[in-house]
Amino acid sequence: MNQGSDVLVIGAGVIGAATAYFAARQGLSVTVIDKGLPASGTSSACEGNILVSDKELGPELELTRYSLGVWHGDLGDHKRLWEFESKGGIIVASRESSLASLNRVMAVQTGYGVAVEELDQDALREAEPHISHEALGGASYSEDCQVQPMLVAAHLVRLATEAGARFLADTPVTGFLRSSNRVTGVKTPRGDFSADAVVNCTGTWAGELAALAGVSVPVLPRRGFVVVTEPLPPMVHHKVYAAEYIDNVGSSDGGLQASPVVEGTPSGTILIGSTRERVGFDRTVSTNALSLLARNATALFPFLEHVKAIRHYHGFRPYCPDHLPVIGHDERAPGLWHAAGHEGAGIGLSAGTGKLLAQALVGQAPDLDLSPFAPARFGELSTGEPARHSSSHHPASPQSAEHQSAEPREEASA
Amino acid sequence: MSTPTRGTAEATPSAAVVRVSFDGRPLEVAPGQSVGAALTAQSITAWRATRKGERPRGLFCGIGVCFDCLLTVDGAANQRACLVEVREGMEIEGSCPEVPSEEPGGRA
Amino acid sequence: MKPIVSTDVAVLGAGPAGLAAAVSAAETGAAVVLVDAGAQPGGQFWRHRPETVVPEPDGRGHHGWKSYLDLRARFDAARHQGLITYLPGLQVWMAQQNQPTQADDAGFTLRTTPTVAVAASGAGVGAQAIVARRLVLCPGGYDRQLPVPGWDLPGVMAAGGIQAFIKANGILPGKRFVIAGTGPFLLPVAANIAEAGGKVLAVLESSSPTAWLPHLRAAAGVPEKALEGAQYAAVFARHRIPYRTRSIVTEVLGSRILGMDRVSGVRTAKVDVEGSARPGTERIYEDVDVVGFGWGFTPQMELPLSFGIETRIDADGSLVGVVDERQESSVPGLYLAGEVTGVGGATLAVLEGTAAGTAAAGGAVVPEKTAARHRRFAEAMHGAHPVPAAWQDWLSPETTVCRCEEVTAGQIMEARESLGAHDARTLKSFIRAGMGWCQSRVCGFASACLGAGPGVSPTAESLSGIAKRPLAAPVGIGELAALDADDH
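Residues numbered from 1 in each chain as written. Chains lettered and ligands numbered in written order. Predicted model: local features only at pLDDT ≥ 70, side-chain atom pairs only at ≥ 80, totals over all residues. Heavy atoms only, no water.

What about the sheet that holds strand 8 (residues 156–158) of chain C?
All names here are of chain C. Convention followed: We treat two strands as partners when DSSP finds at least two bridges between them. Only DSSP runs of H or I with at least four residues qualify as helices, and only runs of E with at least two residues qualify as strands; both kinds are numbered from the N terminus onward. Note on geometry: axes are C-alpha line fits, over the in-contact stretch for helices, and angles between N-to-C directions span 0 to 180 degrees. Residue contacts are counted whenever heavy atoms from the two residues lie within 4.5 Å of one another.
One open sheet accounts for five strands, arranged 8-15-9-10-11; its pairing is parallel. Looking at which strands have only one partner, the edges of the open sheet turn out to be strand 8 and strand 11 (243–245). Neighbouring strand axes in the sheet, compared pairwise and without regard to direction, differ in orientation by 20° on average. Lying on the sheet, helix 4 (residues 159–169) is in contact with strand 8, strand 9 (176–182) and strand 15 (290–295); it crosses strand 8 at an angle near 85°.

Here you go:
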């Protein structure tokens, strides 16, 4: 059986769903396959952030700002479908030193066009009445937004199918079809699927899938726990996090780190995130992580001490050693494209990633230069080994082989 | 089990009564009863309103599983009425019919 | 962190299985900790009035009370000798397998939180962690529910909730009752109500007595069940309780009483063998103030599942743990007894608890013929009282399925059809069905059925996906914060 299309998207998380949606809107014939149901990986185990405030200056911030425009523009009519919320983010500094750092960051961000406003103690308290009395001041980011990520993926898949795409659940890829060194499709238990372009949107499993095609894409999992409280009347109005969070996002330290990220949700629960650990795909619940989250969150919002947690979940953020996603055509395996490794920013970056990739797929020059995200930056070698070449920027992770044991489903959900 | 009484309105033939308050209103209830039972015996069958539809809720599973019967006991929020035993002087507060507005402020 | 209790064997649950396990483990020579959410021993089945108010309960309205008294006497004796440490009023919010430091026997840790707020309980109970070399989980189960229009009105209760109310409080939750669903458990609930002075207008059983015929041999193997049946028949006759088979409640009717909506009646219908309402058989019961529903039981699987144990679907469609003849699960050192290995009643639970406790303490377990007979009987019972295949037809789009998050049947069907949400976990992710306070304990089975589609049974994967609860009970953020950093 050979089922052909212009584009075959592997993975129906937010990245795959957005890619399929924009590719279908470009008039391409699109097939989306997933080994499970839509949004069953990291998309269902995160917080649905669309953040400008925490981005590194450079390509990541550029992509973020582009993506934000797509969320408001191309996808603006669908906001209601996925509970798009322009809640705004607030970074809180509780020490004089971190307040000074925050002020420096704000100055630079303003230079790059980020909408940020300084909050003195009173303004901060007005924005977040239940904030700790220790809080000295903060920065307000009106562009930060949030969506319900599972609904984004599910509805983008639905909208893609309405634009002519096909979606098949429970269709895992077992191998690639090749014609000399060119990738021409995939093998699955449901038969072969051929396509002019095969797009790897498999998140934390992207490295494993790339290895099946003989290329190295060093996407590694970083575990993040999130604790969810009982439903409460509105107590936390923005996405509130501590100044230290920014440092952690780009960190290459493998140990347990956590900065308080506290936010209310439309359903009344409060999400308390987020730890960052490099422990491979370990699903063991870590009481250390839960405890650290709880301590940090109560330091930021003391009322939380008397609030109950009713669940927690964890996800594996797919990240590359240089903390930039992999987006574009893989010259090492012509016909294979990647859109993965967006780390903790995948939801926010999905819209822009999908649109830019769709432009590239039809041969247009993308609105934004994708070369910083080129897969070939990980080296020329076509091996199954995750490359360590990029370690010139950051120390190589000692857990580079840890992504071999992926499980098919996250066990918890947002 | 002790001698069951007939019907809900009669008090248990026990020596003492326990005085509690429900939303500020004094009630005399039988010792050893759950808060949920004590309220139900007073024909109060709902004491919570749901967040979205503001639907009334009282006892459902009766054994601490469903969390439908939540109320505030001596300032401790979200206690299960089916599990908490009444005590002298206990202040019980429901969220019915005064339903707090639940439109999250951050949800612009 | 609060005090850590170390022991040979930890037993969770003080119902029939847990009491038997604790007593047997202690009598085999192990040091035992029994932790239970309840304030006093008995579990749901032997729930009784607070012993502070009624020091010597007479067991009226109970079955197997002699068995309870025997276990209780042995339990009290073992406690007196210091062999059992009893920790009531604590819920386990997380159970963990310890990291092995030596070759084996790393054991397990249970983390607890007070069932009710400390201030409300009037006791100085604090959270405790229990570390044990062997763990016996006997968390029991609760009534399985199927949504029906109006089932979220005050006055609608789980059938078992009505019984628990009567047993614990010595009063009734109303005056005029209709009990509906399927299974033999509806009978004792109705009998308890009648014996306590309530009026049972009808017991509606969706199945039929003829469904029994193929299973008579299995029933004959457990004569005490026949005796129980005869006793209920006598109670029903004495109180003139109509027992209507192939009948269901199609809608719970409500009215506004004192400014508050509540139950006022039920609309019922006769059903065919699939469970579809037969036209022209509608009937209305008025002046009803309590409606009790029970569709069998759902075992509390979150703690067993947190260890990644092997599971199976039992004859009643429930997800249960796989155990060997010593009640040991696929995780060495972790034993299961009672409903979590298959819903089979208190007698079987005691036999299983005895085996589990004995084995966990290192004693020899002799396979019980009685247990096998009870399991055959339970299987026959489940076969005779299935969840009706056509139950989804009873719903209207507006019917609430998830009571916590107020998700309707229409929303679920739309998510299934247009977003491909075919399992309960995905429904939970997409539209919050099962995401609220109860964490899908009440609607999980129904949601899994609705995701699978009409007439299709949910898979073990779907049921397992919704029964995994990373927190087995709500726990204070302050309690989490107080965990020691070096405390695993």
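Notes on the interface of chain C and chain B
We count it as follows: Accessible area, probed at 1.4 Å, shrinks when two parts are joined; the buried area is that loss added up over both. Counted as salt bridges are all cases of a side-chain nitrogen of Lys or Arg within 4 Å of a carboxyl oxygen of Asp or Glu. Residues adjacent in sequence count toward polar contacts only when both atoms are side-chain atoms; beyond that, a polar contact is any pair of N or O atoms within 3.5 Å, and within protein one must be able to donate a hydrogen and the other to accept it. Note on residue classes: Ala, Val, Leu, Ile, Met, Phe, Trp, Tyr, Cys and Pro are nonpolar, Asp, Glu, Lys and Arg are charged, and everything else, Gly too, is polar.
Across the contact, 60 residues belong to chain C and 48 residues belong to chain B. By the criterion of area lost to chain B, the three top residues of chain C are Ile171(C), Glu406(C) and Trp437(C), representing 13% of everything that side buries. Where chain C meets chain B, there are five salt bridges. With a closest N to O distance of 2.6 Å, Asp68(B) and Arg403(C) form a salt bridge. Joining chain C to chain B, the criterion identifies 16 residue pairs in polar contact (both at pLDDT 80 or more). With eight residues, helix 4 of chain C is the single largest residue contributor to the side of chain C that touches chain B. Class assignment for the residues of the side of chain C that touches chain B results in 29 nonpolar, 17 polar and 14 charged.

A few points about the sheet that holds strand 2 (residues 25–29) of chain B
Residue and element names in this part refer to chain B. What the five strands build is an open sheet, ordered 2-1-7-5-6; its pairing is mixed. Pairing within the sheet leaves two strands with one partner each, and these edge strands are strand 2 and strand 6 (76–80). For this sheet, the mean angle separating the axes of adjacent strands, direction not counted, is 35°. Note: strand 5 (residues 70–73) against strand 6, three bridges, orientation antiparallel. Bridge pairing links leucine 70 to arginine 80 in strand 6.

Description of the environment of Arg51(B)
Tracing the chain through its elements places Arg51(B) in the loop between strand 3 (48–49) and strand 4 (56–57). Of the polar contacts made by the side chain of Arg51(B), one reaches the side chain of Glu405(C); its length is 2.8 Å.

Here we look at the pattern of salt bridges
Which entries qualify depends on this criterion: Relative accessibility thresholds used throughout: buried, under 20% of the residue-type maximum; exposed, over 50%; partly exposed, between the two (1.4 Å probe, protein chains only).
Per the stated rule, a full pass over the model turns up 34 salt bridges over all chains. Across the salt bridge formed by Asp54(A) and Lys55(A), the nearest N and O atoms sit 2.6 Å from each other. What makes Asp54(A) buried here is its relative accessible area of 8%. Residue class for Lys55(A) comes out buried when judged on its relative accessible area of 8%. A single network of salt bridges, built from pairs that share partners, joins Arg48(B), Arg55(B), Arg57(B), Asp68(B), Asp152(C), Arg256(C), Asp261(C) and Arg403(C).

Overview of empty space enclosed by the protein
All names here are of chain C. Selection criterion: Both cavities and pockets are sets of points on a 1 Å grid over the protein atoms alone; in a cavity a 1.4 Å probe fits but cannot get out, in a pocket the set is open with protein on both sides within 12 Å along at least five of seven lines, and lining residues sit with an atom within 4 Å of a point. Grid points are joined across faces, edges and corners, and a volume is the space filled by probe spheres set on the points.
Tallying each qualifying case throughout the model produces eleven cavities of 30 Å³ or more. The computed volume of the largest cavity comes to approximately 190 Å³. Taken together, 19 residues make up the lining of the largest cavity; nearest its centre are Thr298, Pro299, Phe445, Leu463 and Ala467. Secondary-structure elements contributing two or more residues to the lining of the largest cavity are strand 16 (297–299), helix 13 (444–452) and helix 14 (460–467).

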